[in-house]
Amino acid sequence: MYFPIGWPKYLSLPQQNPSSPVYVVSNRDRSLFAVLTTNSLCLWFCKPCVQILSFRRSENSVAEFGVNQKGEWRPDSSMIAITTSKGYILFYKLELDDSVGNHQCIYVQKDGRQSAPRRSAGDMFSGEGIPALKLTQLSYILVQDGVISLLCIRDELLLTTCTGVLQRIRWDGGSNGRMSVSVGTIPFSTDLQFSRASTVQDTSIVITHIKYSPLLMGFAVVLSSGQAAFLTVTTLKFEPHQIQGVWAQELTNATCVAINHKYRLMAFGCKNAEGVVYSIEETTGSLLVSHHLKISSKDYPDASHVVGAVSGMKWSPDGCALAMAWDQGGFALWSVFGALLYCSLGGDYGLSENAFQHHSLHIQSMEWGAEGYHLWIVSSPTSTLCTSSQKEDDHSSYGDLMQIQLVKSALTVNPCMTNHEHLFLQGEEKLYLNTAQNIWQSSGSVMKSSPPRSVTRQASQCLGFLSGSKQWQVITVPQTYLSGNWPIRYAAVDSSGQCMAVAGKYGLAHYALFNRRWKLFGNETQEKDMVVSGGLTWWRDFICLACYNVVDQRDEIRLYPQTSKLDNAFATVTKVPSQILLLNTFQDVLIILCTDCHVMIFTLNRKNTQPNATVEISKLQEVAVASFIPHPASVAAITLTSLRTETVSSKSRSLPSEAESILMNVSGRLLMFQRDRSAVVSKHKDGKQKPFPFHAPVMVASSVENVWCTPRTNSSKRHLLEALWLSCGAHGMKVWLPLFPRDEVSTHGFMSKRIMLPFRVDIYPLAVLFEDAVILGACNDAVSCDLATSAGSTNIVPHLTLERNSQIYLHHILRQLLRRNLGFHALEIARCCTDLPYFSHCLELLLHEVLDEEATSKEPIPDPLLPRVVAFIQEFPEFLHTIVHCARKTEVALWHYLFSTAGNPRDLFEECMLSGKLDTAASYLIILQNLETPLLSRQYATQLLDASLDHNEWELARDLVRFLKAIDPSEAETPPNVPPLTRATSSVSKYPGGTYCTPPVTPEEGDSNAFVFGPTPVRTRNVSGTPKDAIKTKLKATRSDPASVGKRNSPSKDESSADQFFIDILLARHARKLLTSYRLKDLGCFAANLEGYHLVTWLRKERLRAARVDDFVSALKQIHIDFHWPLPIYSLNGRMGGSGLVSSPLLDPGLLDGLTTSEGLTAGASKDGLSPTRLIGSLSSSDTSDTLSRHTRDVMLQPQISKDDVISQTVTEASDTSSAVGDNVSMDQSTSMEATELDQLSHELANKGPPQSEVQLRYFFQMMMEAECLEWALIISVVLRDSMGIIRTVNTASFTDTQIEIVGRMREGVSYLERWAETECFGYKPFFNAIRSQIQTLNRIVEQNPLRSRLSLSRSRSCSLEKEDLNDTNGQGNYESETIQDEQKVNYPSEIQEEEKTGYDCAIS
């Protein structure tokens, strides 16, 4: 509720004859603060925080009466009483100083605006001034027995003496001895009905602390014996014979006390650094323990032995927070029912060894400021804190007066419905908003000028908190409004999080986030004539508020439109008979609570009148609740809801969104008033039926701080939206969950029952996201910073920042339902939340918490919950993922207990393999590594590696290879060293509060399907001028591989050589599988993602086996598909029937086989007027080098070629192809290229494949040339339509001792490609016509070796036919049997060399 923020503000005390501050106390409205030092009295104004006067006692007065100790204000702030160390009470009179001008103002505030004022008031340039006061000593009185404690009760002072007497003194100094009473005469008992009363026999026992509560009608006292009690009376006169005491049972070490009037609680501080909070049992009047205030070891270890006894406790003005200080330093803030909000013990006080002992927060006295925005603190003097430089300063030995700034939740004083949907905090002059919708908007670059309506609440909200943004929208309230209306009392935000409204001392102001503008009253008189007294809220686009009309002296309900000027002329006003304490809205219904204990319900109807919309307010019902609440001030919140209990009759059901019940939080007890729909109601005069009356209330829960419910409906998440969420402080949270019947059960006469489920949370909840199953809260974070003061001292109080935190609550609900054997309802709730992105995380939390609790329990569990949780998770596809991730985040000692219920990890691993969840299977592999022998782990890793390679999971395959290499062969049969499972295991890894991240099995390093090889060597390609021997030597040199490649397969004496050989065999088998199926891109990704796999070396070994191409057409089609490379087609855009060459995007593989011909297209092709020279020039690599240069530089895959080589290649290409003329192509070198041809050629260049694919293909071409796989090099050149690549490939086959069977397959493959181009893909015909000379060169090479050519061609045809037959019957299933045989030859280079000499017999099966 309350959160400190920023630096504490140090206030300067008088510098002349300084003395230590000892006490601070405020007047009734907390506008004036009296600061007592040992010899002076200083009065401070609250805002701005300035000192008004300082009254210093003379030395004679100090010597006669003693030093100041404590003080107390008169209720009308006209007098101050001060107790002294010698038993005197000094009375001072406070009045305005008439000698000061400016209307008796010592300081005058000015707005400081330089522009023309917008207000019409006469004193527009000045706000309310700070009064000039004078202080005079009236009288004094001597209390012979000495004064221990002082308390003001109406017009009298109640003091406790050192002799145990309660004495009453009037403000004029007279004593009322008749009303005095001794502690020994008061009867004490454990309750007011049944127990027997007795008096205190020990005469030395006195009252050390006393507090009074007018609502509780009594005093809370602490005795010197450490006991505590509550003194109650039957009348307001407090006559001695009427006083009766009720013991606070089991409390013997109390030190101080504080009373909460609103929640009817008494908090006692104890010597063991803890606090105990009691409530009054209304039936018997006994004191019952509500909760304890104890610093847990998580917040600060062994706090009770460090901080000492509790020295002071103070409730905030609204009763929603408690400040508690300790003797040895430090303080904490608690919520009303014991949730820890802030603790200074865990702050960062620097690196000193005694940092905590030497910090300055040894609190001697403290007091809350106006509306709880400040905490005034008087720290005790600690001479041990002084450094050498500080000791030189006399002021260093005195205590400090400081002011800690705080922000609080808007729910503390204004628990309206709209404030429940957002994280909304208010400070003294700022608003802090953290909503998912604002986060979503801030991610965009444009802020709309009107509220967004297209963004759904759920989508933006889910996006907001998942983004993890802890930034706040900080809105500063304009000083124009704050200058006369400080502090902010009420604040509200609308349901969209776009509009905010604030109300201070007078009037109100509202702000729109979408246009960043504030709206204030144009007429300041209207602002000063209205005081918001019962809160404000948003209803649609109207501000609804409860106020007091100062002029007419009446209470009203007003609604101001947001779109109009803030003026009473546009307001809708309704009178009410008494003051309004609380108001809230539910859809179109307004509910208010008045001081006469009457609840009034109104209907709101928006009228779209011109020019401004208005609201029609109609009173619907009035309910008297005086007999159900002790006092109207005890009601913390009131709201309407559609919730019902099972006790409601099913005779007449209301709609789900209709107001069905009244929820009222009375001192922490949640009461529900339900409509009696069985009652007979009459009708109004207009014929409308009167609303149903309400039943007597039923108590839903106790210790309730906040209540969340929503009027929204969602049929898919009824359980979450129709539930009631409760915050119960130290008791955690509770949810009142509806239980709907099963579908197969008849719903006749069935009403949905409800169940209350408690669960613990690690944050303080401030907002609930119903559909998202998330709780939002806020917390403080300390930042250390050494700030040197002017006196040379060092500020060691940390700077406090405010952060947003969140927590998922879905797993808590599921666990509570499963514990109560309500698995069907748990399954329903879980299924409606499967769309949440963190659903699997919820299942992990559910499993982990149950496993942690049961596996580490020291006592036997008769009915374990883990089997039910595992069976529940099995209903979802995340089962395998949840089990293994939970296991990996717990100790190995708990795995046996987990898998004894979840199943054998080997079976779970196999199930992952069958379902294709390879990443999950990899996680199970880590489990098996710790539970099974390394031999079995290697077996499963091999199986997973094979599957990952088949599914192109390259990163996983890379890690598996690394995993297999790390297995020590000497420990293959050694069983794993698993610690035994003991339920006494103390430290079990837990999920952090909020969210957690699991390190993935494989690192995410980008897209593994975009293969990237190592640095490309710089080489030159001067085909025409390079000697034959030099080309042969250059092509045999594999410069893409390291120099140690040849040593990889050499025999090794290490024990891991066999395992390495096994891994190489497995990888080589998969590489053959990829290459023989023409999956060239997958092969590139395979080699790029596996460390140390040298593809060029492997390709050279396999050039006569797996690297041979038997079906050129299928290989070319597969390349087009894998690399997303479009097929070239003709375009009939040319002049005189000519055709241009353009690209066809490859949408699906069917385009490759479904191309048909037509007469028009054939005729157009026959009249093609493009010359081969122009065509070659447009498609050569030299023309595309500039276009692709920037992509090549980015990817660093294109081999580097010098410009001279490119020119040489171009000249060679032109000379080689100038005489090649096709059948349907005419040659006319003297004719210039026309504009249409230029457009067609530019269109061809613009419609190539992706630049990344081109870079990859050209790199593959280079590798194939190095590996002497000329068939693949030829196919890649055809795909790229790179004539220079064709020339280089053919020249390599011609100038080197390339085996004739390779050249034969190249010639045969080109002929098949030409035939396919003529029948199915006409776009390739011009290119084949352009490379006619290279095709003829291949024919000449084959014709020069006729015998070997026929042999190789026959082998090629037989291989092709046999492969087609196998594809038609068994696919490629039998290929692995042959590759296994080939694997035996991988590491035998001599056999490969022999095959190169004698040829290779094709035996593909």
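Here we summarise the structure given alongside this text.

### Things to note about the overall build of the protein
Item 1. Within the protein one finds 39 helices and 62 strands.
Item 2. For the protein, the share of sequence-separated contacts (at least 6 apart) that also reach a separation of at least 24 residues comes to 64%.
Item 3. For the protein, the computed accessible surface area is about 59900 Å², with 50% contributed by carbon and sulfur atoms.

### Section: unusual backbone geometry
The phi angle of most residues is negative, glycine excepted, and most peptide bonds adopt the trans form.
Item 1. A cis amide bond, omega -5°, links lysine 47 with the succeeding residue proline 48.
Item 2. Along the chain, the position of proline 48 falls in the loop between strand S5 (40-45) and strand S6 (50-56).
Item 3. A cis geometry characterises the amide bond from tryptophan 486 onward to proline 487, with omega recorded as 0°.
Item 4. The residue proline 487 is located in the loop between helix H6 (479-485) and strand S36 (490-493) in this model.

### Description of the pattern of salt bridges
Item 1. According to the stated counting rule, one finds 45 salt bridges in the structure shown.
Item 2. For glutamate 371, the salt bridge identified is with lysine 408, shortest N-O distance 3.8 Å. Of this pair, glutamate 371 sits in the loop between strand S30 (363-368) and strand S31 (374-379) while lysine 408 is found in strand S32 (residues 401-409), placing the two residues 37 residues apart along the sequence.
Item 3. Arginine 677 is paired through a salt bridge with glutamate 660; the nearest N and O atoms lie 3.1 Å apart. Within this pair, whereas arginine 677 is found in the loop between strand S50 (669-674) and strand S51 (698-701), its partner glutamate 660 is found in the loop between strand S48 (635-641) and strand S49 (661-666), the two being separated by 17 residues in sequence. There is no split in this pair, since arginine 677 and glutamate 660 are both buried.
Item 4. Here the residues in one salt-bridge network are Asp318, Glu371, Lys408 and Arg489, joined through shared partners.

### Thoughts on the sheet that holds S6
Item 1. Pairing within the open sheet is antiparallel, and its four strands lie in the order S3-S4-S5-S6. With partners counted over all chains shown, the strands left at the sheet margins are strand S3 (21-26) and S6, one partner each. The mean inter-strand angle of the sheet, taken between neighbouring strand axes irrespective of direction, is 20°.
Item 2. Sheet analysis places S3 next to strand S4 (residues 32-37), joined by five bridges and oriented antiparallel. Residue tyrosine 23 lies in a different strand from S4, and its bridge partner there is leucine 36.

### Details of the environment of lysine 917
Item 1. By secondary structure assignment, the location of lysine 917 is in the loop between helix H15 (905-915) and helix H16 (918-931).
Item 2. Residues contacting lysine 917, with those up to four places away along its chain left out, are Pro877, Leu880 and Cys912.

### Notes on the state of the cysteines
By definition, a disulfide links two cysteine residues through a covalent bond between their sulfur atoms.
Item 1. In total, this model carries zero disulfides according to the counting rule given.
Item 2. For the unlinked cysteine cysteine 842, the closest cysteine sulfur is that of cysteine 833, found at 7.6 Å.
Item 3. Owing to a relative accessible area of 1%, cysteine 842 belongs among the buried residues under this scheme.

### Looking at the packing of helix H14 (residues 895-902) against H16
Item 1. Interhelical geometry of H14 versus H16 gives an angle of 120° and a closest axis separation of 12 Å. Our classification of the angle between H14 and H16 gives oblique. Read as a crossing pair, H14 and H16 show a hand that is left-handed. Of the residues in H16, those touching H14 at Trp895, His896 and Phe899 are Tyr924, Ile927, Asn930 and Leu931.
Item 2. Its residues assigned to classes, the contact of H14 with H16 comprises five nonpolar, two polar and no charged.

### Considerations on the nonpolar core
Item 1. Of all hydrophobic cores here, the largest spans 219 residues; its most connected members are Trp725, Phe872, Phe899, Leu1080, Phe1086, Trp1272 and Tyr1324.
Item 2. Here the element with the most residues in this core is helix H32 (residues 1270-1280); it accounts for nine residues.
Item 3. Ignoring anything within four residues of it in the chain, the contact list for tyrosine 1324 reads Leu1116, His1120, Leu1127, Pro1128, Val1278, Val1279, Arg1281, Trp1316 and Ala1317.
Item 4. Of all hydrophobic cores here, the second largest spans 53 residues; its members include Leu11, Leu90, Ile130 and Tyr373.

### Overview of the pairing of strand S57 (residues 774-783)
Item 1. Bridge count for strand S56 (residues 765-769) against S57 is four bridges, and the pairing is antiparallel. In the sheet register, alanine 767 faces S57, and the bridge partner there is leucine 776.
Item 2. Where S56 folds back onto S57 in an antiparallel hairpin, the turn is made up of four residues, including alanine 773, whose phi is positive at roughly 55°.
Item 3. Pairing of S57 with strand S60 (residues 799-808) involves ten bridges; the strand directions are antiparallel. Residue pairing in the sheet places alanine 782 in a bridge with leucine 800 of S60.

### Describing the packing of aromatic side chains
Item 1. The full count for this structure, using the stated rule, is 28 aromatic pairs.
Item 2. Aromatic pair phenylalanine 331 and tyrosine 342: ring centres 5.7 Å apart, planes at 55°, arrangement tilted. Of this pair, phenylalanine 331 sits in strand S28 (residues 331-335) while tyrosine 342 sits in strand S29 (residues 340-343), placing them eleven residues apart in sequence.
Item 3. Relative accessible area serves as the criterion here: at 11%, tyrosine 342 is assigned to the buried category.
Item 4. Measuring from centroid to centroid gives 6.0 Å for tryptophan 1316 and tyrosine 1324, while their planes differ by 45°, and the two rings are tilted. Neither tryptophan 1316 nor tyrosine 1324 differs from the other in exposure class; each is buried.
Item 5. Through successive ring pairs, a cluster of aromatic residues spans Trp1316, Tyr1324, Phe1327 and Phe1328.
Item 6. A cation over a ring is seen here: lysine 408 above tyrosine 373, with NZ or CZ 5.2 Å from the ring centre.
Item 7. One cation-aromatic arrangement involves arginine 718 over phenylalanine 740; the distance from NZ or CZ to the ring centre is 3.9 Å.

### Some points on the packing of H32 against helix H34 (residues 1300-1319)
Item 1. The contact between H32 and H34 brings their axes to 9 Å, and the two run at 25°. Taken as axis vectors, H32 and H34 run roughly parallel relative to one another. For the element pair H32 and H34, the recorded crossing hand is right-handed. Facing Leu1270, Glu1271 and Leu1274 of H32, the residues of H34 in contact are Ile1302, Arg1305, Met1306 and Val1310.
Item 2. The class makeup of the residues in the contact of H32 with H34 is five nonpolar, no polar and two charged.

### Topic: H15
Item 1. Inspection of H15 places Pro905, Leu908, Phe909, Cys912 and Met913 among the buried residues, and these make up the whole buried set. End-on, the buried residues of H15 take up no more than an arc of 145°, which puts them together on one face. Facing away from the buried surface of H15 by more than 90 degrees, the exposed residues are Asp907 and Leu914.
Item 2. Looking at the buried side of H15, the elements it contacts are helix H13 (879-888), H14, H16 and helix H17 (934-950).
Item 3. Of the residues flanking the start of H15, the one acting as N-cap is asparagine 904, its side-chain oxygen 2.8 Å from the backbone nitrogen of arginine 906.

### Describing the sheet that holds strand S38 (residues 509-512)
Item 1. The four strands are arranged S36-S37-S38-S39 in an open sheet whose pairing can be described as antiparallel. At either margin of the open sheet sits one strand with a lone partner, and together these are S36 and strand S39 (517-519). Neighbouring strand axes in the sheet, compared pairwise and without regard to direction, differ in orientation by 20° on average.
Item 2. Bridge count for strand S37 (residues 499-503) against S38 is four bridges, and the pairing is antiparallel. Bridged to valine 502 within S38 is alanine 509.

Definitions and limits used
Residues numbered from 1 in each chain as written. Predicted model: local features only at pLDDT ≥ 70, side-chain atom pairs only at ≥ 80, totals over all residues. Heavy atoms only, no water. Helix = DSSP H or I, 4+ residues; strand = E, 2+ residues; numbered from the N terminus. Contact = heavy atoms within 4.5 Å. Areas by Shrake-Rupley, 256 points an atom, 1.4 Å probe, with all protein chains shown as cover. Salt bridge = Lys/Arg side-chain N within 4 Å of Asp/Glu carboxyl O. Buried < 20%, exposed > 50% of the residue type's maximum accessible area, 1.4 Å probe, protein only. Pairing = 2+ DSSP bridges. Axes fitted to C-alpha atoms, helices over the stretch in contact; angles between N-to-C directions. Disulfide = S-S within 2.5 Å. Parallel < 35°, antiparallel > 145°, perpendicular 65-115°, else oblique. Left-handed = near helix turned anticlockwise from the far one by under 90°. Nonpolar A, V, L, I, M, F, W, Y, C, P; charged D, E, K, R; others polar. Core = buried A, V, L, I, M, F, W, Y, C linked by side-chain atoms within 4.5 Å. Phe/Tyr/Trp six-rings, centres within 6.5 Å; stacked < 30°, edge-to-face > 60°. Lys NZ or Arg CZ within 6 Å of the ring centre and 35° of its normal. Arc of directions from axis to C-beta. Polar contact = N/O pair within 3.5 Å; in protein donor to acceptor, adjacent residues only side chain to side chain.

Read these as geometric descriptors, not functional statements.
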